[in-house]
Amino acid sequence: MLKRVHTLEGLILVADGATVTFVSISQLSSLLQRLRTHPKGELVAEMLYNSLEDAPSQGTIKPVLVLQDNGEFWLGLVGLGDSSLANIARVDHLNRCFYQSD
């Protein structure tokens, strides 16, 4: 999916730990409204909005929001090759954390 959407603005959403979709910037306000109705939703919406503000400067790196049925969430970044070693290190670290949480 990341290869298909790397040039688009938005985020990758994983709902219920299984369904993966791309949410474009035009769909963001609707998603943020829905998030605010859930436990910890206000915090998730704020963190998500802040991560998307920085996203255009990060090239092919996309924010990823994983929402669980129990209200738990994980917000991080994934990306394809990027020239910034700092970004690569951050993405690698978040990927490791994500896979260890299974």
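Above this text is the structure in question.
About the criteria used
- Residues numbered from 1 in each chain as written.
- Predicted model: local features only at pLDDT ≥ 70, side-chain atom pairs only at ≥ 80, totals over all residues.
- Heavy atoms only, no water.
- Pairing = 2+ DSSP bridges.
- Helix = DSSP H or I, 4+ residues; strand = E, 2+ residues; numbered from the N terminus.
- Axes fitted to C-alpha atoms, helices over the stretch in contact; angles between N-to-C directions.
- Salt bridge = Lys/Arg side-chain N within 4 Å of Asp/Glu carboxyl O.
- Core = buried A, V, L, I, M, F, W, Y, C linked by side-chain atoms within 4.5 Å.
- Buried < 20%, exposed > 50% of the residue type's maximum accessible area, 1.4 Å probe, protein only.
- Contact = heavy atoms within 4.5 Å.

Asker: Just give me the short version of the sheet that holds strand β2 (residues 19-24), but keep the residues and values in it.
Answerer: Sheets are built from strands paired through backbone hydrogen bonds, the pairs being either parallel or antiparallel. Spatially, β2-β1-β3-β4 is the arrangement adopted by the four strands of the open sheet, whose pairing is mixed. The sheet is open, and its two borders are formed by β2 and β4 (73-79), each paired with just one other strand. Recorded for the sheet is a direction-independent mean angle of 25° between the axes of neighbouring strands. Two elements, strand β1 (residues 10-15) and β2, share six bridges in a ladder whose sense is antiparallel.

Asker: For the pattern of salt bridges, give the residues involved together with the corresponding values.
Answerer: By the definition in use, this model includes one salt bridge. Measuring nitrogen to oxygen at the nearest pair gives 3.2 Å for the salt bridge that ties Glu 42 to Arg 36.

Asker: Give me the lowdown on the nonpolar core, citing residues and values where you can.
Answerer: The biggest cluster of nonpolar side chains holds 13 residues, and the ones touching the most others in it are Leu 11, Leu 31, Leu 35, Leu 48 and Leu 65. Those elements giving two or more residues to this core turn out to be β1, α2 (28-35) and α3 (41-54). Setting aside residues up to four positions removed in sequence, Leu 31 forms contacts with Leu 11, Leu 13, Val 23 and Leu 48. Among the nonpolar cores identified, the runner-up in size contains eight residues, and Val 5, Val 14, Phe 22 and Trp 74 belong to it.

Asker: I'd like to hear about the environment of Leu 31, residue by residue, with values.
Answerer: Relative to the assigned elements, Leu 31 resides in helix α2. For the pair formed by Leu 31 and Leu 13, sequence separation is 18 residues and the distance between their alpha carbons is 9.9 Å.

By themselves these figures say nothing about function.
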